[in-house]
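Structural overview for review
Chain by chain, the residues:
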Amino acid sequence: MTDNSATKVALISGGSRGIGRATALRLARDGFHVGFCYQSNEQAAKELAQEIAELGVKAQAVRADVSDGDSVRRFVAETENELGPIDVAVTSAGITKDNALLMMPDADWHQVIDVNLSGVFNVCRSVIFEMMKRKSGSIVNISSVAGVYGNATQTNYAASKAGIIGFSRSLAKEVGRYGIRANVVAPGFIETDMTADLSEKVKKQAMQSIPLRRLGRAEEVADLVSYLSSDRASYITGAVLQIDGGIII
Ligand code: NAD
């Protein structure tokens, strides 16, 4: 049993795959109604909505682009209309466009910042007023260990993920007085589509720097998000929690 009542609502960006998907299912098991956005794969979104509904809570899937403020406002409004006021917001939508800085096209810099960092801004700004009015809420933004330590060929990604940390700590200071918490989860290497394309060489190198000698699972990240979303974490805000098997970069 968790402390989350069945009437609470969670909103998740990038919900149809990977960490977002695992989080959607975990929060549904915690008793939240779950609204999530997907980018293009309607079939995957429908299947997830069905899986969530089978857990006895409501699901709402909305196609949205997190880098587009209007699109996110629609996503949030449709979720609130269908499921009710949002108690928990999790931002998991993210992309990589890795390259050495010397070779990095302008477009790859801007796209990664727009999706990863402006996406977090768009979601948080769209949910915050209702949370302030209700004097309660929990926001969990997904960053990365790359945002904490940096990573070669990821200047764009690391900048976006470090930006999420500064954003979230500032937000925590700004809205704590309204009973709203804002925290960051910074995963290391997690087995999802995002890491599926990494070469065996890169995976082997990563493994050598991970004391637990394995990649993480999306469900393990979802467990941490579940904790931070719940009242069990009622005195935690502005925190950056790494979940990385002990990786030292
Ligand atoms: P993933 O590629 O499996 O999922 C990313 C999700 O984001 C997908 O559902 C995708 O559709 C969505 N998305 C991408 N661009 C979008 C846009 N413009 N609008 C709406 N949705 C969009 O990746 P994942 O591993 O589940 O990553 C989830 C989050 O965790 C990301 O923010 C990622 O940076 C972060 N992260 C992942 C790892 C890892 O090793 N997998 C490590 C650290 C951090």
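First, a word on what this report is: a plain description of the structure on this page. This one's a predicted model, so the numbers in the text were calculated from it and none came from an experiment. (Residues numbered from 1 in each chain as written. Predicted model: local features only at pLDDT ≥ 70, side-chain atom pairs only at ≥ 80, totals over all residues. Heavy atoms only, no water.)

Quick word on the overall build of the protein
From N to C terminus, the protein includes nine helices and nine strands. Taking 2.2 N^0.38 as the reference for a compact globule, 249 residues should give roughly 18 Å; the C-alpha atoms of the protein span a radius of gyration of 17 Å, in line with that estimate. Principal axes of the C-alpha set define a box for the protein whose edges measure 45 × 40 × 35 Å. Classification of the 249 residues of the protein by burial places 49% in the buried group. A separation threshold of at least 6 residues defines the contact pool for the protein, and within that pool the share at least 24 residues apart is 73%. On the protein, roughly 11900 Å² of surface is accessible, and the fraction owed to carbon and sulfur atoms is 51%. Each charge class in the protein was averaged separately, 27 positive and 28 negative side chains, and the resulting centres sit 5 Å apart. (Helix = DSSP H or I, 4+ residues; strand = E, 2+ residues; numbered from the N terminus. Rg over C-alpha atoms; globule rule 2.2 N^0.38 Å. Buried < 20%, exposed > 50% of the residue type's maximum accessible area, 1.4 Å probe, protein only. Contact = heavy atoms within 4.5 Å. Areas by Shrake-Rupley, 256 points an atom, 1.4 Å probe, with all protein chains shown as cover. Lys, Arg positive; Asp, Glu negative; His and termini not counted. Charge placed at Lys NZ, Arg CZ, Asp CG, Glu CD.)

Quick notes on the pattern of salt bridges
Scanning all chains against the criterion turns up 10 salt bridges. Glu42 is paired through a salt bridge with Lys46; the nearest N and O atoms lie 3.8 Å apart. Taken together, the residues Glu42 and Lys46, both in helix α2 (residues 42-54) and four residues apart, mark about one turn of the helix. Glu42 sits in the partly exposed class, given a relative accessible area of 40%. As a salt-bridge pair, Asp87 and Arg134 come within 3.4 Å of each other at their nearest N and O atoms. Of this pair, Asp87 sits in the loop between α3 (69-83) and β4 (88-91) while Arg134 sits in helix α4 (residues 106-134); the two residues are 47 residues apart in sequence, bridging distant segments of the chain. A residue is classified by how much of its surface remains accessible, and Arg134, at 37% relative accessible area, is partly exposed. In this structure, a network of salt bridges that share partners links the residues Arg26, Asp30 and Asp223. (Salt bridge = Lys/Arg side-chain N within 4 Å of Asp/Glu carboxyl O.)

Description of the nonpolar core
One finds Leu27, Val34, Phe36, Ile52, Val90 and Val185 to be the most contacted residues of the largest nonpolar core, which totals 31 residues. Elements represented by at least two residues in this core include exactly β1 (9-13), α1 (18-29), β2 (33-38), α2, β4, β5 (137-142) and α9 (218-229). (Core = buried A, V, L, I, M, F, W, Y, C linked by side-chain atoms within 4.5 Å.)

This is a description of form; function is not addressed.
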